[in-house]
Amino acid sequence: DAGITQSPRHKVTETGTPVTLRCHQTENHRYMYWYRQDPGHGLRLIHYSYGVKDTDKGEVSDGYSVSRSKTEDFLLTLESATSSQTSVYFCAITSGGYNEQFFGPGTRLTVL
Amino acid sequence: AQSVTQLDSQVPVFEEAPVELRCNYSSSVSVYLFWYVQYPNQGLQLLLKYLSGSTLVKGINGFEAEFNKSQTSFHLRKPSVHISDTAEYFCAVSVRTNDYKLSFGAGTTVTVRA
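About the cut-offs
Residues numbered from 1 in each chain as written. Chains lettered and ligands numbered in written order. Predicted model: local features only at pLDDT ≥ 70, side-chain atom pairs only at ≥ 80, totals over all residues. Heavy atoms only, no water. Core = buried A, V, L, I, M, F, W, Y, C linked by side-chain atoms within 4.5 Å. Buried < 20%, exposed > 50% of the residue type's maximum accessible area, 1.4 Å probe, protein only. Helix = DSSP H or I, 4+ residues; strand = E, 2+ residues; numbered from the N terminus. Contact = heavy atoms within 4.5 Å. Disulfide = S-S within 2.5 Å. 1 Å grid on protein atoms, 1.4 Å probe; cavity = no way out; pocket = protein on both sides within 12 Å on 5 of 7 lines; lining within 4 Å. Points joined across faces, edges and corners; volume = space filled by probe spheres on them. Nonpolar A, V, L, I, M, F, W, Y, C, P; charged D, E, K, R; others polar. Salt bridge = Lys/Arg side-chain N within 4 Å of Asp/Glu carboxyl O.

Let's talk about the nonpolar core
One recurring pattern in soluble globular proteins is that nonpolar side chains are buried together.
Right, so step 1: Counting residues in each nonpolar core, the largest one holds 29 residues, and the members touching the most others are B:Trp35, B:Leu48, B:Leu76 and B:Tyr89.
Right, so step 2: Top element by residues in this core is strand E10 (residues 87–94) of chain B. It accounts for four residues.
Right, so step 3: Every residue in contact with B:Leu48, bar those within four places of it in the chain, is listed here: B:Leu33, B:Phe34, B:Trp35, B:Val57, B:Lys58, B:Gly59, B:Phe63, B:Glu64, B:Ala65, B:Phe74 and B:Leu76.
Right, so step 4: Formed by 20 residues, the second largest nonpolar core is a distinct cluster that contains A:Tyr35, A:Leu43, A:Ala92 and B:Leu44.

This is how it looks when you write it as structure tokens:
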């Protein structure tokens, strides 16, 4: 158990509504990442954080924003959800260096 | 930027038969390589990783992978699969100078039949 939780685990929402997903870690890792998983695409990086208030974009960042006000929490916000953002979202953490990323259990988001 | 290609999207295999999942990567700098497994409705779990040194890497559940720098490949193998190995497998690459971001392949679904 890498000490990562994601909430909510499942969410159904309507197009145009804001949505915030939360990733919480208990391991005090510096790096945190948000990925989305879609069939045929594997996992694609949305945003990541390399410290409190330090974030950067990944390869599919359009329509998403993130915040990290404390080490243990990394929030992903969809300002105005669209059907193309229906996906499974995974959070991951690592302390960097030679260490692998540990993944949370995922959040299944459906945008109607 | 680095990228990963998994050459097979679906691999059906009979129980107790061997399996090989193919992964090729591209990068202009030295890489770290990983294989992750995702069982149905679960998150990702690390199978094994290559950082440096011996090109043959052994992981959990009897899996192993061989790093081939000249072929830019990191193929995953298991000599004898079980029904419980039915899952999706992802190859991933990261580089030390890139905030350890992972680039994933599209995944290979392994279905083990009795």
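From this point, the narrative continues.
Side note on the state of the cysteines
Residues and elements named next belong to chain A.
Right, so step 1: Under the counting rule described, the total for this entry stands at two disulfides over all chains.
Right, so step 2: The side chain of Cys23 participates in a disulfide bridge whose partner is Cys91; the two sulfur atoms lie 1.9 Å from each other. Judged by the torsion about the S-S bond (-70 degrees), the Cys23/Cys91 disulfide is left-handed. Here Cys23 is found in strand E3 (residues 19–25), whereas its partner Cys91 is found in strand E9 (residues 87–94), with 68 residues between them in sequence. Assigned by exposure class, Cys23 and Cys91 land together as buried.

Quick notes on empty space enclosed by the protein
Right, so step 1: Under the criterion given, the structure shown has one cavity of 30 Å³ or more.
Right, so step 2: As a volume, the largest cavity reaches approximately 60 Å³.
Right, so step 3: What lines the largest cavity is a set of 11 residues, among which A:Asn99, A:Gln101, B:Phe34, B:Ser94 and B:Tyr100 lie closest to the centre.
Right, so step 4: The dominant element in the lining of the largest cavity, judged by the number of residues it contributes, is strand E5 (residues 32–38) of chain B, at three residues.
Right, so step 5: Across the lining of the largest cavity, the residue classes break down as five nonpolar, five polar and one charged.

Some points on the pattern of salt bridges
Right, so step 1: Taken as a whole, this structure holds 10 salt bridges over all chains when the rule is applied.
Right, so step 2: Residue A:Lys70 is joined to A:Asp73 by a salt bridge in which the shortest nitrogen-to-oxygen separation is 3.6 Å.
Right, so step 3: The partly exposed category is assigned to A:Lys70, whose relative accessible area is 41%.
Right, so step 4: On the basis of relative accessibility, which here comes to 7%, the residue A:Asp73 falls in the buried class.
Right, so step 5: A salt bridge links B:Asp8 to B:Arg22, with the shortest nitrogen-to-oxygen separation between them at 2.9 Å. Of this pair, B:Asp8 sits in the loop between strand E1 (3–6) and strand E2 (10–14) while B:Arg22 sits in the loop between strand E3 (19–21) and strand E4 (23–26), placing them 14 residues apart in sequence.
Right, so step 6: Exposure remark for B:Arg22: the relative accessible area of 33% places this residue in the partly exposed category.
Right, so step 7: It is possible to trace a salt-bridge network through shared partners that takes in A:Arg22, A:Lys70 and A:Asp73.

So, the layout of surface pockets
Right, so step 1: Reported here for the largest pocket is a volume of approximately 420 Å³.
Right, so step 2: Taken together, 23 residues line the largest pocket, and the ones lying closest to its centre are A:Gln37, A:Val88, A:Arg108, B:Gln38 and B:Asn41.
Right, so step 3: If you list the elements that add at least two residues to the lining of the largest pocket, you get strand E4 (31–38), E9 and strand E11 (107–111) of chain A together with E10 of chain B.
Right, so step 4: The biggest single contributor to the lining of the largest pocket is E10(B), with three residues.
Right, so step 5: By residue class, the composition of the lining of the largest pocket is nine nonpolar, 10 polar and four charged.
Right, so step 6: Of the volumes computed, that of the second largest pocket is approximately 340 Å³.
Right, so step 7: Split into classes, the residues belonging to the lining of the second largest pocket amount to nine nonpolar, seven polar and two charged.

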